[in-house]
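Coordinates in review
Next come the chains, spelled out residue by residue.
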Amino acid sequence: DGGITQSPKYLFRKEGQNVTLSCEQNLNHDAMYWYRQDPGQGLRLIYYSQIVNDFQKGDIAEGYSVSREKKESFPLTVTSAQKNPTAFYLCASSNFRGRDYEQYFGPGTRLTVT
Amino acid sequence: KQEVTQIPAALSVPEGENLVLNCSFTDSAIYNLQWFRQDPGKGLTSLLLIQSSQREQTSGRLNASLDKSSGRSTLYIAASQPGDSATYLCAVNSTLTFGKGTMLLVSP
């Protein structure tokens, strides 16, 4: 089945530790995205990548880093510099060709930092 | 900067009612608008994608309309069912901007 997988579903870390969230897609999509969702805040864009080895900052990139070494993978690292990392993280992908870029989402990873 | 607003923030209706969810955006220069459904603790499921050249899209009991000139989109749900209970979000894909969603509860 084609789709987007995120692992793990739940992640717990101590304050001061870096943590990497996984996102893999087998839809052959060019573009991939990371969003953060907080209660009452909606989705906010962290980073996005339109092509391998290239990515751009979104609205709230501070304290996060990404890489795009393979078309199907777009891992997100939450660093110790992120002041409030506890949130629900969602990965998405889209076929960026032309303007018809419908977004498809993974199941999300809930990160709790104590 | 594009801003997307969804009204109402929450809605509770009895089963069988027809209902309308609203989405407004400030910059009418959009390529498409997408409606999603999100169940608690889950990812987003795409419902409908409307291209800027279209005015309506339909899928089963769902109908979404788009009026670029007024900066509005509506999602119409016919004959609502308890299984429709979820949060509904709209997104302007060209700027990757989401509304905060409308939480819908359909009671039996």
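Everything numeric here is computed off the predicted structure, so don't read it as measured data. (Residues numbered from 1 in each chain as written. Chains lettered and ligands numbered in written order. Predicted model: local features only at pLDDT ≥ 70, side-chain atom pairs only at ≥ 80, totals over all residues. Heavy atoms only, no water.)

Observations concerning the packing of aromatic side chains
Counted under the stated rule, the structure contains nine aromatic pairs over all chains. When the centroid spacing of 5.4 Å and the interplanar angle of 85° are considered together, the rings of Phe105(A) and Phe36(B) count as edge-to-face. Residue Phe105(A) is located in strand S10 (residues 104-105), and its partner Phe36(B) is located in strand S4 (residues 32-38); the two belong to separate chains. Both residues of the pair, Phe105(A) and Phe36(B), count as buried. Members of the aromatic cluster, connected to one another through ring pairs, are Tyr33(A), Tyr35(A), Tyr48(A), Phe105(A), Phe36(B) and Phe98(B). (Phe/Tyr/Trp six-rings, centres within 6.5 Å; stacked < 30°, edge-to-face > 60°. Helix = DSSP H or I, 4+ residues; strand = E, 2+ residues; numbered from the N terminus. Buried < 20%, exposed > 50% of the residue type's maximum accessible area, 1.4 Å probe, protein only.)

Examining the state of the cysteines
Residue and element names in this part refer to chain A. Evaluation of the coordinates by the stated rule reveals two disulfides over all chains. Covalent S-S linkage joins Cys 23 and Cys 91, the inter-sulfur distance amounting to 1.8 Å. Residues Cys 23 and Cys 91 are joined by a disulfide whose S-S torsion is about -70°; by sign, that bridge is left-handed. Linking Cys 23 in strand S3 (residues 19-25) with Cys 91 in strand S9 (residues 87-94), this pair joins segments that are 68 residues apart in sequence. By relative accessible area, which is 0% here, Cys 91 ends up buried. (Disulfide = S-S within 2.5 Å.)

A short note on the pairing of strand S1 (residues 4-7) of chain A
Residue and element names in this part refer to chain A. Taking every second residue as pointing to the same face, the buried face of S1 carries Ile 4 and Gln 6, while none of Thr 5 and Ser 7 on the other face is buried. Bridge count for S1 against S3 is four bridges, and the pairing is antiparallel. The partner of Ser 7 across the bridge, within S3, is Ser 22. (Pairing = 2+ DSSP bridges.)

Some details on the sheet that holds strand S6 (residues 56-59) of chain B
All names here are of chain B. Strand order in the open sheet formed by five strands is S1-S3-S8-S7-S6, with antiparallel pairing between adjacent strands. Strand pairing shows two members of the sheet lacking a second neighbour, strand S1 (4-7) and S6, which therefore form its edges. Strand-to-strand twist in this sheet, taken as the mean axis angle between neighbours without regard to direction, amounts to 15°. Summarising the sheet, strand S7 (residues 62-67) and strand S8 (residues 72-77) pair through six bridges and their orientation is antiparallel. Its bridge partner being in S8, Asp 67 is matched across the sheet by Arg 72. (Axes fitted to C-alpha atoms, helices over the stretch in contact; angles between N-to-C directions.)

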